[in-house]
Structure formats: C-alpha cells, structure tokens
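# Secondary and tertiary structure notes
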Amino acid sequence: LRPRARPSWCRVQRENLAMAPSEDDIKTCIEKLRDEDLWMEATEELTEMTGDKDDEETRLAVAREDACPWLGRILATFIELRFGDDAPGSPKRSSLDKRSSLDAVDEDGNNDDDVRSDGALSMMSSEARMQELEQVVINTLQCLINLSRSKKNRKEIADAGCVAPACTLLDLTLRREIHDRAVMLLINCCTGPIQYTGPVHDIVEDSEGVQKLVEMIKLGPDHPTAHRAVQVLSLVSVDPEIKDIFRDKCMGGFEALRAMLERPGGGLFLKHAALTVNHLCDENVPNKIAFMESGGVPAMMRLMGRPPDDPLTAIALDAVTILAEDNDEVDEAVAVTGVLPRVVEMISNPENPKLTQAAVTAVMHMARDYKDAKRMLTSAGVISKLKRIIDECAIEESPESVHLAQMCVSSLTNIAIDTEYWGQAELAEENVLTNVRSVFQSAPAESKMAQVCVAFVYAYTAGNSDNGWTVREAGLLPVVAFHHLRGRDKKTRESKEALVSLGAAVDDDEESQDLITSLFGETVLRECLKVGAAKGTYVPLENRDEKTRAREKHTLSEVCKIAGQAMNGADFAAKAKKAYEDRKAKFTQDIFDAEAALERKLVEQLAAREKELKEAENARRELRRAQADAANSRADAKKEINEAKAARFEYDAALRALNAKQGTLIKEKEEARRMIDEKIETYRSESGKLRNMIGVYEETAAEASGDAKKEIERKIKTAKTAMGEYDKRLKPGGCNIVKGLEAQIAELEKRLKDPAIDSLTELVKEKEEIWKIEQAEADEAERVLKEKEQAEAWARANAEREEREAKEKKEREEKEKRRLAKEKNKKKKKK
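The residue numbering used here restarts from 1 in each chain and proceeds along that chain's sequence as written. pLDDT decides what is reported in this predicted model: residues at 70 or higher carry local features, side-chain atom pairs at 80 or more are listed and counted, and totals for whole chains, interfaces and linings draw on all residues regardless. Only heavy atoms go into the side-chain values, all of them from the structure, while hydrogens and water stay out.

Secondary structure elements are defined from DSSP: runs of H or I of at least 4 residues count as helices, runs of E of at least 2 residues count as strands, and each element is numbered from the N terminus. Along its length, the protein carries 37 helices and zero strands. For every residue, the accessible area (1.4 Å probe, protein chains only) is compared with the maximum for its type, and the residue is labelled buried under 20%, exposed over 50%, or partly exposed between those bounds. When each of the 831 residues of the protein is scored for burial, the buried share is 43%. Long-range pairs, those at least 24 residues apart, make up 72% of the contacts in the protein with a sequence separation of at least 6. We get accessible surface area from the Shrake-Rupley algorithm with a probe of 1.4 Å; when it comes to residues, only the shown protein chains can shield them. A total of about 44,900 Å² of accessible surface is found on the protein, and carbon and sulfur atoms cover 50% of it. In what follows, residue pairs with any heavy atoms lying within 4.5 Å of each other are defined as contacts.

Relative to the helices and strands, serine 512 resides in helix α31 (residues 510–520). Serine 512 gets classed as buried once you look at its relative accessible area, which sits at 0%. Leaving out residues up to four positions away in the same chain, serine 512 has contacts with Gly468, Arg472, Leu477 and Val506.

The definition of a nonpolar core used throughout is a set of buried Ala, Val, Leu, Ile, Met, Phe, Trp, Tyr and Cys residues joined through side-chain atoms within 4.5 Å. In terms of nonpolar packing, the biggest core is built from 177 residues, with Leu169, Leu261 and Phe520 touching the most fellow members. Dropping the residues within four chain positions of it, phenylalanine 520 is found in contact with Pro478, Ala481, Leu485, Thr555, Leu556, Val559, Phe572, Ala576 and Arg583.

With that settled, the discussion passes to the side chain of threonine 492. For threonine 492, the position within the fold is in the loop between α29 (477–486) and α30 (493–506). Those residues in contact with threonine 492 that sit more than four places away from it in its chain are Glu446 and Gly487.

With respect to the helices and strands, the residue glutamate 400 is situated in helix α24 (residues 399–416). Residue classification places glutamate 400 among the exposed positions, given a relative accessible area of 59%. Here the alpha-carbon distance between glutamate 400 and glutamine 357, two residues 43 residues apart in the chain, equals 9.5 Å.

So, about unusual backbone geometry. For residues besides glycine, phi is generally negative; the peptide bonds are generally trans as well. With phi around 55°, serine 348 is a residue other than glycine that occupies positive phi space. Counting through the fold element by element, serine 348 comes out in the loop between α20 (340–345) and α21 (356–366). Phi is positive for glutamate 446, which is not a glycine, with a value near 65°. Turning to its location among the elements, glutamate 446 is positioned in the loop between α26 (432–440) and α27 (448–461).

Attention now goes to the environment of alanine 445. Turning to its location among the elements, alanine 445 is positioned in the loop between α26 and α27. For the pair alanine 445 and phenylalanine 482, spaced 37 residues apart in sequence, the C-alpha to C-alpha distance is 8.2 Å. With near-sequence residues (within four places) excluded, alanine 445 lies in contact with Phe482, His483, Arg486 and Met567.

What follows concerns the packing of aromatic side chains. Only Phe, Tyr and Trp rings are paired, with Trp represented by its six-membered ring, and only when their centres lie within 6.5 Å; those with planes under 30 degrees apart are stacked, over 60 edge-to-face, the remainder tilted. Counted by the stated rule, this structure contains six aromatic pairs. With 5.0 Å between their ring centres and 75° between their planes, phenylalanine 246 and phenylalanine 254 make a pair best called edge-to-face. Every member of this aromatic cluster is reached through a ring pair, and the members are Phe246, Phe254 and Phe291. Above the face of the phenylalanine 83 ring, arginine 82 is positioned so that its terminal group lies 5.8 Å from the ring centre. Charges are assigned to positions over rings by a cutoff of 6 Å between ring centre and Lys NZ or Arg CZ, combined with an angular limit of 35 degrees from the ring normal.

The next thing to look at is the confidence of the model for the protein. The score called pLDDT rates the predictor's confidence residue by residue, from a low of 0 to a high of 100. Overall, the predicted model of the protein reaches an average pLDDT of 84, with 90% of residues at or above 70. Note that pLDDT drops below 50 for residues 1–7; the model gives that stretch 14 contacts with residues more than four away or on any other chain.

Now for empty space enclosed by the protein. By rolling a water-sized probe across the atoms, one finds the places where empty space is left. Here the term cavity refers to a set of points on a 1 Å grid, laid over the protein atoms alone, in which a 1.4 Å probe fits but cannot get out; the term pocket refers to an open set having protein on both sides within 12 Å along at least five of seven lines, with lining residues being those that place an atom within 4 Å of a point. Grid points are joined across faces, edges and corners, and a volume is the space filled by probe spheres set on the points. Applying the stated criterion to the full structure yields three cavities of 30 Å³ or more. One number sums up the size of the second largest cavity: a volume of about 60 Å³. If you go around the second largest cavity, the residues you meet are Ala445, Glu446, Ala450, Gln451, Val454, His483, Arg486 and Glu494. Of the residues forming the lining of the second largest cavity, the biggest block, three residues, is contributed by α27. Taken together, the residues of the lining of the second largest cavity sort by class into three nonpolar, two polar and three charged. For this classification, the nonpolar set comprises Ala, Val, Leu, Ile, Met, Phe, Trp, Tyr, Cys and Pro, the charged set comprises Asp, Glu, Lys and Arg, and every other residue, Gly included, is treated as polar.

Another point: the environment of alanine 498. Considering the arrangement of structural elements, one finds alanine 498 in helix α30. Linking alanine 498 and valine 480, residues 18 residues apart in sequence, is a C-alpha distance of 5.9 Å.

Moving on, we come to the pattern of salt bridges. Whenever a carboxyl oxygen of Asp or Glu lies within 4 Å of a side-chain nitrogen of Lys or Arg, that contact is scored as a salt bridge. Going through the model one piece at a time under the given rule, you end up with 38 salt bridges. With a closest N to O distance of 3.2 Å, arginine 247 and aspartate 248 form a salt bridge. With relative accessibility at 24%, the residue arginine 247 sits in the partly exposed group. Bridged by salt links that share partners, the residues Arg82, Glu134, Arg175 and Glu177 form one connected network.

Another point: the layout of surface pockets. Empty space within the largest pocket amounts to approximately 740 Å³. Residue assignment for the lining of the largest pocket shows that the elements contributing at least two residues are α31, α33 (546–565) and α34 (569–703). It is α33 that provides the largest number of residues to the lining of the largest pocket, a total of eight residues. Its residues assigned to classes, the lining of the largest pocket comprises four nonpolar, six polar and nine charged. When its volume is computed, the second largest pocket comes out at roughly 340 Å³. Lining the second largest pocket are 19 residues, and of these Ser410, Thr413, Gln451, Val452 and Ala455 lie nearest its centre. Put simply, the parts of the chain that give the lining of the second largest pocket at least two residues each are α24, α27 and α30. If one sorts the elements of the lining of the second largest pocket by residue count, α27 sits on top with seven residues.

What follows is about helix α22 (residues 371–379). It helps to recall that an α-helix has 3.6 residues per turn; residues three or four apart then point in one direction. Those residues of α22 that sit buried are Ala373, Lys374, Leu377 and Thr378. Projected onto a plane normal to the axis of α22, the buried residues spread over an arc of 130° and lie on a single side. Downstream of α22 by a residue or two, glycine 381 has a phi angle that is positive, lying close to 85°. Along the arc lie the directions from the helix axis toward the C-beta atoms.

Turning our eyes to something else, we now look at a nonpolar patch on the surface. Taken together, the side chains of Phe587, Ile591 and Phe592 define a hydrophobic patch exposed on the protein surface, amounting to about 290 Å² of accessible area. With respect to the helices and strands, the residue phenylalanine 592 is situated in helix α34. Like-charged residues within 9 Å of one another, or nonpolar side chains (Val, Leu, Ile, Met, Phe, Trp, Tyr) within 5 Å, are grouped into patches, provided each residue has over 30% relative accessible area and no salt bridge.

Right, let's get into the packing of α21 against α24. Running from N to C, α21 and α24 cross one another at 25°; their axes reach a closest spacing of 8 Å. Classified by the angle between their axes, α21 and α24 sit roughly parallel to one another. Regarding α21 and α24, the two cross each other, and that crossing is left-handed. For the pair α21 and α24, the contacting residues are Thr356, Gln357, Val360, Thr361, Val363 and Met364 in the first and His403, Leu404, Met407, Cys408, Ser410, Ser411 and Asn414 in the second. Partitioning the contact of α21 with α24 into residue classes produces six nonpolar, seven polar and no charged. A fitted line through C-alpha atoms serves as each axis, taken over the contacting stretch for helices, and the angle formed by two N-to-C directions is quoted from 0 to 180°. Comment on the angle field: the value is read as roughly parallel under 35 degrees, roughly antiparallel over 145, roughly perpendicular from 65 to 115, and oblique elsewhere. Crossings are assigned a handedness: left-handed for a near helix turned anticlockwise from the far helix by less than a right angle, right-handed for a clockwise turn.

Attention now goes to helix α14 (residues 253–262). Turning to α14, its buried residues are Gly253, Phe254, Ala256, Leu257, Met260 and Leu261. Along the axis of α14, the buried residues cluster in a sector spanning 160°; they form a single face.

Criterion for a disulfide: a pair of cysteine sulfur atoms at a distance within 2.5 Å. Summed over all chains, the structure comprises zero disulfides. Cysteine 68 supplies the cysteine sulfur nearest to cysteine 143, a cysteine that is in no disulfide, at a spacing of 7.8 Å. This cysteine, cysteine 162, is not joined by any disulfide, and cysteine 68 carries the nearest cysteine sulfur, 5.7 Å off.

As structure tokens, this is what we get:
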C-alpha cells in the first residue's frame, strides 16, 4: 500500500479514544474509496469508525455520505475477478462501475499501466493482488456488518446492491472470514419488519443464496458456520418462493435440519432450526410431506419434552399445528411420536399459561381427521380441560377468552366427527353439552362462536338419536333454529349450516320434530330433515291445503321477524315460545268460532241442497241437447270431408296427366340449354387461356432474338388464329353446334304449346278451384263440429260437477250430522 500522506483517523483515534470522527473525517475516508489503491486503508478506517456498538450517530452519518454503494462496488469487483461477469452481484451495468486497475491484470500477472501515486510501477502478482483484495473484502463486510446494526441503514445497504454480492460470497471455497461475515451481514439485513426485509428476501432468492445457505448447514450441527446459516434461513424462509426453492433445488436440506434438531443439548441454533422448519412448512403441504419423509418429525416433537417455559417448547407446539394443518398425511407421523399427551399438558399449564392457546390450536387440528389421535387426546384428559376453558369464557366474556373458547368448541367438534361409537358417547358422558350451551345461548348471530357451536351440534348429534334427545332437553333446538332463521331470507352460509345441524338434531326423535313444528312450522321441519337427517328418514309431505299453507307461511314470517329482533339464542327462544302460546290460544278461539259458524250454516246447507239437485237436473238436460247437436254436426262434417277428398283426387289425376305430358319436353329443353352453356363457357375459357399465352409470348419476344424470336412470333400468330376462331364461335350463329341446339330448343318450345297440353292445363285449374271450394266447406264443417263438441264437453263437465257437488254436499251434511251427534254424546257423557 502507498505510504500515508498524513496521519490516518485510526491512528489519531487510537491516540485519543474519546474523540468521535467528525463529518470531515467521514467524508475524507469515503473519498478514499474512489481510489482503488486506497481501498485497504479506507476500509480499515471505516471499520474502526463504525465498530462502536453504542455509536449510532456515526453509523448513520457514514451511511448518509453514500458509503454503501462504494462498499458494494468493492464486493462486486472481487466477485467479477473471482467468479466472472455472470455471477450474482458482479458489476455488469452499475452506475458506479468504472474500469478498475485490478481488472487490468494480464495473464502474466503484471499491469503495465498501473502506476502508484509515488511513481513506482506495481510489480505485484495476480495471486498477491487477489490476497490483498480478499483482505479488503473482509474489511468491507465487517464495515457493512457494523453499519447494519442500525435498523435505518439496512434498507440503504440493500438498495446499494450489497445483498446480492453477500449471497455470492457465501461460497464455502472462499476464506472462512469472508463467507462467515457474509452470513452475519445477511442476518442483520433480514431482521426486521417484512415491508423492509421483503426485498432482501427476493434478492437472496434470485442470487441463489438459499442453495448456498443449505450447503452451509450441511457442514453439521457442530459447525459455527452452519449455526449462522440456519439463522438466516429462519429469517428468509417465511417467503413462499423460498419455501419452494428449499424443497425443489436444495437436496438434503430437510435432512440437514433434522440433524440439527437431533443434536443433544441446546443452543440458539436449535431454536433457529426449529423456526426454519415451521416457516418452511407453514401453508406449504409439499414441504410438510418432504419434512416427514426426511424423518424430521420425531426430532421436532422431541423438543416438546423440554420445560413449559423453554422457548423451544412453544416452537415445537406450533410445529404440531403447522404440520397438521391443511392435510391429513402428517397426522399419523405426529401422533405416533407420543407427543399428544404432552400437548394436552400444555393446556392451562401453571408454569406457562401463555401456551394454552397454541396447545388448543394444536388439539383442534390433530383431532380433525386421524381417529387414533382423537383417542390419544381424549385418553389424556383433553375434554375436561376444554370444558373448563369454555366455562371461564362464559364468565369473563373477554375477546381473548371468547376466541380461545371458539377453538375449544372446534376441538370438541373435531373429536365428535366420524367417531359415533366412542367420541360422541364420551362427550355425552362428560356432559359437554352443558358447557357449550352456556356460550351458545349468548353468542351473537353470525359470530364465529355461533358458527362453531352450530357445527358442534351437528357433529354431536349426527346419526345419534340419544344425543339428539339431550340437545332437546338442554333447550338448544330453538337456539340452533335462531341462527338459521336470522339469515334465512339472505340465504347466508351460517343459516344453511344451522339448518343442517337442526336436521341432524331432530332426526329420529318425534318429540323434537313436534317441538320444531309447533314453534316454527312444518316448513322448517321439512327443510331441515331434507338437508340434515340421515338417508331414509321420513320427511313430511308438503300440505296442499291453501289455508294450512298460508298459516305455515305466516308462522314462518313471524318467527323470522322475531329472530331478526332478538339479541341472541336465549332471547329468541323465550320470544318464540311466547309467540307459540299466543298462536295456540288464537287457534283454539278460531276453532270455537268455526264450530258456531258451522252450526249456523247447517240450515243454509239443507236449503241449498235442493237447489243443487235442481241445477244438476238442468245440467243433464243441457247435456242431452248438446249431444244431439254434436251428432248432427259430426254427420255434416263427414259428408263435406268426403266431397273434399273426391275433388282432391280428381285434381291430382289431372295434374299427373299434365306433368306426364310436359315433363319429358321440359327435361329435353333444359338439357339442350345446359349443353349450350357448357359450349360457350368452354370457348370463353380457351380464348382466355390463348390471350394469356399471347401476353406471355409477347413479353418473351421482346427479350429474344434470331430464330427464337421467329419461333415465338409464329406461336403468337398461331395462338391469335385459334383465339379468333373461338371468338367467332362465341358470336351469335358462329357455332354450328350451338345453332343446332338452339333449333332443338325452339322445336321443344313449339311442342310445349300444343293445344292438347293447353287443354290439360285449363282442366287442372278448373279441378283445383273445385277442390279449394270443397276443402273450405269441409274446414267450416269441422270448425262447427269442434264448437258443438266443446259445448257438449262443457255441458258434460257442468253436469258432472253439479252431480259431484250435490253428492259431496250430501256427504258433508251426513258427516256433519254424525260429528254433531258424536259431540252431543260426548257432552252427555261429561254431564
């Protein structure tokens, strides 16, 4: 390096440690970065300036003076020399890129144009210069690490293009000081809110940094470089694209993570490895399966054996949820590790109550599909713990407790699904319904708590009539109906789910069905049984009586209105019961009023009976008269139709004779005309071809000479002669064949004007007129017949109706008499 012209800031700083660098010192130091000969000195001074962890002001001042782009240029220059122009981070089109004296090193290791400021020619070999530049890169990375301790500088470092070179410098073939410092720089730059670190993640992804980090963690769980690499992965693995890259392009990545998780003891790297696994598997089912196939699930679940207050326990607990979520392929691998009883222990654990929510979430997902997991959880006593949390929610009703209770109810739902023989029965033995009722009755409509409680009712009662009876006894049927009726008009998803749950609850329980019918009408019962009851369950048919349907519609409208005004299920149940009692009292009064009115109408009915019989006799007389008129019209119509058929037959015979005469002559005439058209078209086509040929010959003759030209002129003459012959034939009378065919056409037209043919034509017209007249008379006769037949049908229907009404009225009177007699007998017995 060149001799120092003046004492450096580092030397002065060592002499007076209390002195902080001034703005001029910083600018002077950064100015040296413009001269590649002073890179070593400049990077040493900047590293010294920014080395104080507590000196935030100096680090920010250095970044404000645009030190980061120049430091990035140093890294890019090294990468270009070491890895070539195509390596990520090389200065291809950088605005700060200038031809470096280090780039001009020739194959012999000499640079004839590199003259130091002191006038001496540089005689350093290529290898020596690379060693010098490596030390500069180490200083540069350390300086960037110091600067990145300030959160505000991390974006400046990323924007200056220092992240891509750092990813390239993760190469394990470089000196350890280089790739270790590159890892430390990435750790700092990837730490922080996602809005700032997201661009850094993209750069790591595009610069193949993930692959290099995986190669580092393959060094083994005891290697410090692997520890730092897995920390970077724990930060960047939240990115969805990086998750796919880790699986598809990093062979052995999950196995390397498993090796870290299996290492006995503890350490911060173990936390980072566990976090990396969670981030990689979160919302990525292929990664979950790949991690399971790598054998990493037992190693991760082993962390659950740590004390509850250990951070790794919380991470492992989250891993149970992440692995079980959105798939059912990893459930068995998690369950067979025997971790589920430990998960249950973490619920309301006094040593770390904060794990309760994570533990309940894990239980909720593990209890979803795998039946053995359901058995393990219930055997570990999870139901009693979930019940206790639900009871606490009913007392406190804080947002946190409500959310936790929602997950508890969801967990109970998952336990009950598809486990009729022991899951539903065990929930019934634990009297879970009482705990769920406490939160279900007070749950607001369309809330998450209401949704999970509705789902629980379905899972608890599906295919189990005994549990359906307990739901009715607990008073939850009106509560489930409330959540259906509240959104019935809008057809919301919550309303449809509640209808399904209601059908499952009342299936195979007549008392429950009677309760739904009385409170909400048979329409609700019929709909819920259709969608929620088991296959083969009897569904009541729709009532065809208009009054009954109107009453059902009014009842449904009334309860829907009550549901819209109610605050929750308990409020609705009370109001619906009162409305039912009011309807029942009104219905009883209506029955008494109807009986009194019926008795008053009996006398009127007796008088009306004679009138009905008389009207029936009149209708029968009218029917006989209409039948006679219809018979006469039918005979007349038949006569007219026969006459029309005879006229049509004569017309068809005359038309056939005429067609037989004219057909042959017309065909011969059309054939002659066709032959004329073909001849003319042939002459025109040949004439056109000769004309085109003459044009080609004339163009060729213009360029030819000698005998060739004479030959072409002869061909032109021959073609013109032939063309003239065709043009002559195209003129009228120019072709004997065409003249002969035209004469033949004239002769045929003359024969078509023969008097015999004209006579036949007149006869055909006469027969056609006669047929049209006869057909019109037949159509009129048919119309009259239809009118008479309609009159007959109306008279018949009228007579039948009158007779039926008279008969029905007689039967009603007799039935009413029997009913009144029965009522009188009952009254006598009561007396």
